[in-house]
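# Observations on the three-dimensional arrangement
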Amino acid sequence: MSLRRNGISAATYRRITMLALVALIFIIITGGAVRLTGSGLGCSDWPTCEENQFVPDVEYHAMVEFVNRAITGVVSLAVALAVLGALLRRPRRRDLIVLAFGLVAGVAGQVILGGLVVWYHLSPWLVIAHFLLSMVLVANAVVLHHRAGRPEESEEFGARTPGTAAARTARNLTRLLVVLAVLAIVSGTLLTGAGPHGGDADVERLQFDIPSLARLHGGAMVLCAAVALGLWVGAERGSFRRRRQGHRPAPHATAARLVVLVIGGQAAVGYLQYFTGVPVLLVGIHIAGAAALWTVVLRLHLAVHEVRAR
């Protein structure tokens, strides 16, 4: 009762939102593991594993799929804590409550899509929708965590640095980077849908030309790298000038550097898997890298667009 009356601190709530973000990224990785191990139909029914059988028999593929379903419960708990924390946080903020309930809506959609994926025997279009909705949920969680760390007087989006030419250029470049990241993620998902790892040996695959899709995906990543490098160089130059004037470095310099590093890692893994026959381990690393890339790109975008005016 005292907890409800006194509430929780802003710092505690931000830790809760980080837990939700980590859980949402983790289930993307475990979902990829289900597909890569060929366990997508290890449980052929939903919400039970088999007809009239909730817990699977001790069989490899069934257990892999069932464990992934169980992790959904952990994600749901993390999201429920984010909602409860938003309601108990003091001072209470409407923007955080709205974002937290957005996670609830997304998880509910994921549960429904997960059932459809099983019922329609791992239709690649449904699997793609399942993955892309996961990325939307990650975006929601990234924004929630970022907003939870913002000052109390800045509940609404929009407190920004003065509109200098450099600031406007950085904002426009981060918008472009987000668009390119979306293109890279969608084309990569289509490429996976046409590739050999469908979750089951008998699952249909998308009838796309894989080399053409790979070129589209690679081109999007090259453009992402070019834009991220531009942002990083600009941030470092700005930081140098700010240090000479006795100010702190540009607030998005670290975020830009991290984006460049993640893109470099993703590019290396992507080209390596393409030229080595798409081995399972590298595909799994690439899936985790896609979630990491999306997260750091969004964090850079928020860092550039929501810097407080001095």
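Below you will find a few notes about this structure. (Residues numbered from 1 in each chain as written. Predicted model: local features only at pLDDT ≥ 70, side-chain atom pairs only at ≥ 80, totals over all residues. Heavy atoms only, no water.)

Once that is clear, we can look at the packing of helix α5 (residues 124-148) against helix α9 (residues 280-305). Where α5 contacts α9, the axes come no closer than 10 Å and their chain directions differ by 40 degrees. Comparing their axes, α9 and α5 come out oblique. Crossing angle aside, the handedness with which α5 passes α9 is right-handed. Residues Phe-131, Met-135, Val-138, Ala-139, Val-142, Val-143, His-145 and His-146 of α5 lie in contact with α9, whose contacting residues are Ile-287, Ala-290, Ala-291, Trp-294, Thr-295, Leu-298, Arg-299, Leu-302 and Ala-303. (Axes fitted to C-alpha atoms, helices over the stretch in contact; angles between N-to-C directions. Helix = DSSP H or I, 4+ residues; strand = E, 2+ residues; numbered from the N terminus. Parallel < 35°, antiparallel > 145°, perpendicular 65-115°, else oblique. Left-handed = near helix turned anticlockwise from the far one by under 90°. Contact = heavy atoms within 4.5 Å.)

Moving on, we come to the packing of aromatic side chains. For the coordinates displayed, the defined rule picks out four aromatic pairs. Taking the centre distance of 5.7 Å and the plane angle of 85 degrees together, the rings of Phe-54 and Phe-66 count as edge-to-face. A residue pair is termed long-range when its members are at least 10 positions apart, and Phe-54 in the loop between α2 (10-36) and α3 (60-88) and Phe-66 in helix α3 qualify at twelve residues. (Phe/Tyr/Trp six-rings, centres within 6.5 Å; stacked < 30°, edge-to-face > 60°.)

With that settled, the discussion passes to the pattern of salt bridges. Per the stated rule, a full pass over the model turns up four salt bridges. Arg-147 is paired through a salt bridge with Asp-95; the nearest N and O atoms lie 3.1 Å apart. One end of the pair, Arg-147, is in helix α5; the other, Asp-95, is in helix α4 (residues 94-119), and 52 residues separate them in sequence. The pair Arg-147 / Asp-95 is uniform in exposure class, with both members buried. Ionic pairing is found between Arg-257 and Glu-236, a salt bridge with its closest N-O pair at 2.8 Å. (Salt bridge = Lys/Arg side-chain N within 4 Å of Asp/Glu carboxyl O. Buried < 20%, exposed > 50% of the residue type's maximum accessible area, 1.4 Å probe, protein only.)

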